[in-house]
Structures are given as structure tokens and as C-alpha cells.
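# Structure assessment
If you want the building blocks of each chain, they are given just below.
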Amino acid sequence: MPVPRLLLFFSLVLGSRPWVFSLEKLAESHDDARCSQGLSCHLWDDVLCLLERIEPPQDLVLVPTKLQTEVVLRCREETNCVPCVRVTLHLTVQEPRKEDLDEDGLQEDAELTSRPWPRNESLQAEIILSFQAYLSDRCVLVKVEVPAAMVQPGQNVGSLVFDCFKGPVGGEVRIWSYTQPPYQKELNHTQQLPDCIRPELQDSVRSCWVLPWFNISAEGDAIQLVLDVSTKQNYVLYLYWNQTRNFSTRFHEVLTGPQNITLNQTDLVPCLCIQMWPNVQDAIRNSHCPFWEDPRAHRNLWNQSKLKLRVWGTTGLSWTVEAPCPLSAETVLCWKPMDSELCHPLPLPLPRENVTVNKSQDLPLLTLHPNVCVQVWSREKLQIQECPPEDILGPRRDDMLMLETWGPQDSHSFCAMETSGCTTLPSTTHTRAAFLGKQLLQDLQSGQCVQLWNDTGILWACSLQKYTHERWVLLWLAFLVLAACILLLLLLNRGGMKGAARGRRALLLYSPDHAGFERLVGTLATALRQLQLSVAVDLWHRRELSALGPLAWFHAQRRQALQEGGMVILLFSPGAVALCQEWLQEVGVPQRPAPTADTFAASLSCVLPDFVEGRAAGCYVVACFEELLPPQGIPDLFHAVPVFSLPSQMPAFLRALLGSGAHRQDTLKAHATRLGQYLQPALEECLQLGSSSSL
């Protein structure tokens, strides 16, 4: 017997499910029904598949309570078999519910439950077994009788086995079971039949011997079907999406001979199935769905999936997940605050809903809200999120989501949903909800909040808009009061410092390492001017500096500062240290300067001799920002004058500039504190720019 050479490939690559146990072979060629010991069964052949309305029982009835299936082979000969589905039903005696009994039944209910089943009266039932496969269906009826001695309400009395429904090789079939008339919802089960990949079918099912076969090749994103058939063989190729209760055809053609067919990327989804069969009447089909576990197929599936919301009125909203295949996912309602892009799952008790694709589901809320959105999650990953359209519900609101729950003795508790979690109110924590907790609770009690959900807990949406406006008004008033206080303090302190600081000059020299350091120097100079120092820095004299040149401008400013009893401030940075080390010889004698446009570099020709010859005391002070350069990094030559580390030594630095008798000690410390706070933002920006430039 010829065996297709690609069977092994399919069993390893296409993801076909392996079966461990051998299939049982049935020698009989006709259907059969048998019951467990004590029960009697009689099989009626095919009947119409009609499902009537459920009728609540008025007496004891026999119903199926469990349905099981297994695949067997029905064989005329050892090598002439077909796949077949065996059905096993477990049967139980069911008594009527009190709420289903009519008036006569209610009168007899006490007698029914108090006396045993009559010994001379058996219990009978007509049980329908319904079979559905692709393009075919069938129903059979089995009459079952239970002896009176075995009738016990609520007890399992035995089982029924039916052999068997013939099914297509590799196909998927569904089995239903119910009584006639039906006393309860029908049982159902889906069974996947093995295909010709299985060795037992290769040996026993003759239709597998002549089936055309295919291979799958993938190069990058291109996926091809390689159809391996003889040159003259005619066959049908059918590609379809195996959707729930539906099939969506993607390709259906009659072909001849070997073919290579490239799949469309939009067709490649997990439920894409392939069928091939000889182009003859009633041919068995070779069917495979090889992409169930393919990562590319799952990516394409989510790329093609859409979440659509539909709003009607002010209370109705539904959503539909549109997808070509069934999804293993669930929908979650979430809350998206006005000032956030994150959407937080709503707190319990709202349940998560399993996704049924292409079916509308209603939003279980009492009132619609623009901040309530719908998410689709799969394998703990957010796949799709959709919020109500603004043209219907308006933009998102500045509302606080509140959860009300009940405790023992009807005690109520409230918590507000925030990014950090649900904050219990009232609360002493430092969050927005805790700050407004008292007002929010008052709004709830006065009916100003909107109820979204009411079950084992209540969800409320409380507006924060009025508190936001009040908060900005309070902040603005606080700012004005603070500004007035600062202005008053400056005016009071100005009088105490005018005598010592008015007219005293300071020349600030620095190395322009980068733009951030220049902004820091400008901020320091501005702060010193607030103390009535007359500060000269090249940042404020660009035009004059361009006209005179760096060296001439420095000489003029230095001479004026020293003549008026002022100071020259050398503000060291890593760049300034490097310049000084370049200018100094190994023996400590300054080099001859080279022409430069840098004021600090040009000034070294005069500054260095003052320090080398001992003329710097009383004329110079040295400073550095400790986060940029430690004082130990300043060359030893410059330690001949006071060296200040800023901002930690800011009081001493100001005392050196202003003079020891300019003001009281506590006033000086207050100025130093404000000056340090004023410099902090510029210092942080300088540190960030310095670290990025070093990279």
C-alpha cells in the first residue's frame, strides 16, 4: 500500500494532535445502541432533528446528565474502515422542582416525595442523539426503560452507548443529546476526528491512500503551499477560516498537477484551514488547520481584530469584538482619568467577560460616562482599548471614581480610585482624594454624584471641577501673598544693607564650560545684585567686550572694582582649573599668554602674577560650586585667599563680599538661604547638561 511521503512532515510540523492509544475497530456495519446492566434500550433509526421547547417535568423523568464521545473505526474489512464517533450518555432520574409544578402537582407533591416509586411501574424516556458535521447532519432516537426497582430520584441509574456516527476524516463534528420532549437544556460536545496523518488511518482507511498532499514553506513573511500531486491528477483546494458556527471561504478552486500557491498575509490567522480532495464525487477530504500555534498568525489575528462601541441614549452602550477567529480573551471595563493616558480596571465587583467574537455585548452600567472604556486582554496582555466617542458623550471629565461597600451592621465604607490604588475616605495620606475626602463624602450624601453601578457595591462618579477651580484660586492668592511678603522683606533688608553694600563693586570671572554653567553664573550674578552689589560679568557687557577686547575690558573692570574697595571673584569650574594648569609651568611660573576671546583665559595674565607675587590678599576671593568641583580640586596657588564652597558656605561668602559689619548674623543667614534656593534650579540644570555633554 503506498504511503504519502509527507505524512511524517505533517505530524511534526503542522501541529496535528498525536493520539497515544490505538483506535478500537468495530466489525459490525450497522448502528447499535446498548445500555448498562438493568436497563433496556431500543434504537430507532434516523428521525427528524427537531428541538422543541423545554417542558418542566410534572413527575419523575429520566434525563441524560453527562455526554462523552470517543473515536473508533468501523470496518468491513481490516483495510476498509471509516472513522466513527461513539457516544456515551449517563442517565439520571430527575424529580420536578416545586416552582415548576402546576396546581394539581402541588397537591400531590407531598405524596410524591414521601412514598417510593411504585414497584410495578417502570420509567421510560425517548432520547435524541443529534450529529452535525460539515455539510451533513443526522439524528437517531433511542428508547430507554428503567425498571421500577432502580428508580431513585436524583440518582444515576446507568448509561447508554451508541455506535456510531460516521464522520469525515480530519473533520470536526458536534454531538447534541436531549429528551423528547426536552425537560432541560440539551447536552453538547465537539469531537475532532483524526486525519490521514495518523498511521492507523493510513493502513485502514482507503481514501487516505489517494489523497493529494501539500507542504508549507516560509521565507521571511512569504508563506507558500507546495502542492505535491501527480501531473495529471485533478483535485480541489479549499482554504477557509474555521469560525464558530461559520466558515469563511478564502480560496476555492479546482487544480491539476503540482502547484505553488502564496498565501495572503491577511488570510494567515490561527483558524485558517486547508482542505484538499480528489475531484470526484463523495471524495474524502484531507483537512488541516496548521496555524493554531503560529506566532505570525496570532499577530495577524490581533492586527485584524477591532473593538467597536455603540451608544444609544444616555444609558445604553454595547461593544462588539470583530475578529476572523475565536479569541481566547476577556473584556474589562476601565476608568481613564481626564489627565492620564492610563486606563485603570474598575474595582470589584464588576466581572470580567469572556470574549465572544462578532457578538454584541451590553455594558453593565446604570449610567454612561465618557471616562469608562472597554479593554480586551489576552494572556495578561492588553490587546485593544476603546473609549466612547466624544461626539456622543463629550470629552473626558475631571471626576473621581468612588466605590461604596457595606460591612457588618449596615456600615458603609468609601474609597476613591487613584493611580496608587483605592484610597479609603476619610484618609490622612497625601493624595488628591485624601485632600478632598471630606468634600467628596459631602457630595455623595447630598446626591451630587452619579451612580454607575449597583450590585454588591456601588460605583459613583463625583465631579472635581469646582474643587479644581477653587484650588487654582487659592494657589493664586497664596502666590500673591508670598510675593508681597518677599517684596516687603527685600525692602526692609534693603535699608539695612544699603550703607555697606551700596556702590561696592564685584568683578565675577569664570570659564564658560558650557551653556548650562553660563546660565548658572548669570543666576548667581543676578542674585548678588539683589543684595545691592554692583556686579560686573562679561555676560552683561557683550557689546563693550566686543569693542574693547577681553583683556582691555578686564583691566578696566578690575581697576574700577579695586579702586572702589570692591572684590574680584574667581569662580572655579573644571574648565577653569584646566586653563590654569595649562598656564602654569612645572615650577609655578606663569607662561606668556596667547591671544584669546575668553575673558577668564585673558585675565590669567594679570591674575596669576598677583597670586605668585603675594598681592592677591584683600583683592580676590575664590569660590566653586561643590557639586561641580570640590575645593580640593582648585590649584594650591589660589588657596592664598579665602576659598568658599557654594552653596554650603554661602553665609561666609556673602560676608566676604559685603563686609563683616554690613548686617546682623541672622539677616545674613536668611539672605544666604534664599540665595541657595534661588540658585538650585539652575544648578540642577547645569548638572544635567554637564553629564550629557560628558557622554
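Reading guide: rules and limits
Residues numbered from 1 in each chain as written. Predicted model: local features only at pLDDT ≥ 70, side-chain atom pairs only at ≥ 80, totals over all residues. Heavy atoms only, no water. Helix = DSSP H or I, 4+ residues; strand = E, 2+ residues; numbered from the N terminus. Buried < 20%, exposed > 50% of the residue type's maximum accessible area, 1.4 Å probe, protein only. Contact = heavy atoms within 4.5 Å. Areas by Shrake-Rupley, 256 points an atom, 1.4 Å probe, with all protein chains shown as cover. Pairing = 2+ DSSP bridges. Axes fitted to C-alpha atoms, helices over the stretch in contact; angles between N-to-C directions. Phe/Tyr/Trp six-rings, centres within 6.5 Å; stacked < 30°, edge-to-face > 60°. Core = buried A, V, L, I, M, F, W, Y, C linked by side-chain atoms within 4.5 Å. pLDDT = per-residue confidence, 0-100. Expected span 1.5 Å × (residues − 1). Bend = angle between axes of the 7 residues up to and from the residue. Salt bridge = Lys/Arg side-chain N within 4 Å of Asp/Glu carboxyl O. Disulfide = S-S within 2.5 Å. Polar contact = N/O pair within 3.5 Å; in protein donor to acceptor, adjacent residues only side chain to side chain.

The subject of this paragraph is the overall build of the protein. Summing up its helical and strand segments, the protein has 15 helices and 35 strands in all. With 695 residues in all, the protein has 45% of them scored as buried. Within the protein, contacts between residues separated by at least 24 positions form 67% of all contacts whose residues are at least 6 apart in sequence. Element-wise, carbon and sulfur atoms account for 52% of the exposed surface of the protein, whose accessible area totals about 37,000 Å².

Here we have five strands laid out as an open sheet, ordered β32-β31-β33-β34-β35, and parallel in their pairing. Of all the strands in the sheet, the pair left with one neighbour each is β32 (534-536) and β35 (643-646). If you compare each strand with its neighbour and ignore which way they point, the axes differ by 25° on average. Two strands pair when backbone bridges link them, and strand β31 (residues 505-510) and β32 are joined in this way by three bridges, in the parallel orientation. Residue pairing across strands places R505 opposite S534, the latter belonging to β32. Against the sheet, helix α9 (residues 515-529) engages β31, β32, β33 (567-572) and β34 (620-625), with an angle of about 170° to β31.

So, about unusual backbone geometry. Between Q180 and the following residue, P181, the backbone shows a cis peptide bond with an omega angle of 0°. Mapped onto the secondary structure, P181 falls in the loop between β9 (172-179) and β10 (187-192). Cis geometry is found at the peptide bond from L425 to P426, where omega equals -5°. By secondary structure assignment, the location of P426 is in the loop between β28 (421-425) and α6 (432-435). Unusually for a residue other than glycine, N358 sits at a positive phi of about 60°. You can see N358 is positioned in the loop between β22 (353-354) and β23 (361-362). For N358, a relative accessible area of 48% corresponds to the partly exposed category. Positive phi values are uncommon outside glycine, yet E380 reaches one of about 60°. Looking at the element boundaries, E380 is found in the loop between β24 (372-378) and β25 (381-386).

Applying the stated criterion to the full structure yields nine aromatic pairs. Relative to F165, the ring of F131 lies with its centre 5.0 Å away and its plane at 20°, an arrangement referred to as stacked. Of this pair, F131 sits in strand β6 (residues 123-133) while F165 is found in strand β8 (residues 156-166), placing the two residues 34 residues apart along the sequence. Each member of the pair F131 and F165 is classed as buried.

Here we come to the side chain of S511. Of note, S511 is situated in the loop between β31 and α9. Given the relative accessible area of 5%, S511 is considered buried. Setting aside residues up to four positions removed in sequence, S511 forms contacts with F517, L571, S573, G575, A576, L579 and F600.

Bringing the nonpolar core into the picture now. By size, the foremost hydrophobic cluster in this structure holds 54 residues, and its most contacted members are L225, L227, L237 and L327. Per element, the largest residue contribution to this core is four residues, and it comes from strand β13 (residues 234-243). Those residues within four positions of L237 in sequence are excluded, and the remaining contacts are L225, L227, F251, H252, E253, L255, I261, I274, Q275 and M276. Among the nonpolar cores identified, the runner-up in size contains 34 residues, and A506, V621, M650 and L657 belong to it.

Before going further, it helps to spend a moment on the confidence of the model for the protein. Summarising the model, the protein shows a mean pLDDT of 80, and 83% of its residues fall at 70 or more. Here residues 495-502 is a poorly scored stretch, pLDDT under 50, and it has 13 contacts once near neighbours within four places are set aside; other chains count.

The next point concerns the pairing of strand β19 (residues 316-322). Of all seven residues in β19, six are buried; the element is thus mostly enclosed. Pairing geometry for β19 and β23, over two bridges, is antiparallel. Opposite W319, over in β23, you have Q361 as the bridge partner.

We now examine the sheet that holds strand β3 (residues 40-46). As summarised here, the arrangement of the five strands in space is β3-β7-β6-β9-β10, forming an open sheet in which the pairing is antiparallel. Taken across any chain shown, the strands that pair with only one partner, and hence form the sheet edges, are β3 and β10. The sheet shows a mean angle of 20° between the axes of neighbouring strands, direction not considered. Pairing between β6 and β9: six bridges, direction antiparallel. Looking at β9, one finds that Q132 is bridged to R174.

With that settled, the discussion passes to helix α13 (residues 599-612). In this model α13 runs 20 Å from its N-terminal to its C-terminal C-alpha over 14 residues, within 8% of the 20 Å that 1.5 Å per residue would give. The sharpest bend along α13 reaches about 45° and sits at S605, with the proline P609 one to four residues further on. Burial runs high along α13: twelve of the 14 residues are buried. What α13 keeps buried is the set T599, F600, A601, A602, S603, L604, C606, V607, L608, P609, D610 and F611. Buried residues in α13 make contact with β31, α10 (542-548), α11 (550-563), β33, α12 (574-583) and β34. Of the residues trailing α13, G614 is marked for its positive phi of about 80°.

What follows is about the pattern of salt bridges. The final tally for this structure, using the stated rule, is 19 salt bridges. Between E70 and R86 there is a salt bridge, with the nearest N and O atoms lying 3.2 Å from each other. In this pair, E70 sits in strand β4 (residues 61-77) while R86 sits in strand β5 (residues 80-94), placing the two residues 16 residues apart along the sequence. Exposure remark for E70: the relative accessible area of 36% places this residue in the partly exposed category. Taking relative accessible area as the criterion, R86 reaches 6% and is therefore assigned buried. Here E518 and R542 are joined by a salt bridge, their closest N and O atoms 3.4 Å apart.

For the rest of this paragraph, the subject is the state of the cysteines. The bond known as a disulfide is covalent and runs between the sulfur atoms of two cysteines. Inspection of every chain in the model, using the stated rule, returns ten disulfides. Across the disulfide, C75 is cross-linked to C81 (sulfur-sulfur distance 1.9 Å). Across the S-S bond linking C75 and C81, the dihedral sits near 110°, which makes this disulfide right-handed. In terms of burial, C75 and C81 fall into one category: buried.

Moving on, we come to the side chain of R74. By the element assignment, R74 lies in strand β4. Of the polar contacts made by the side chain of R74, one reaches the backbone oxygen of H30; its length is 3.2 Å. Ignoring any residue separated from it by four or fewer positions in sequence, one finds R74 in contact with L26, E28, S29, H30, D31, N80, C81, V82, C84, D163 and C164.

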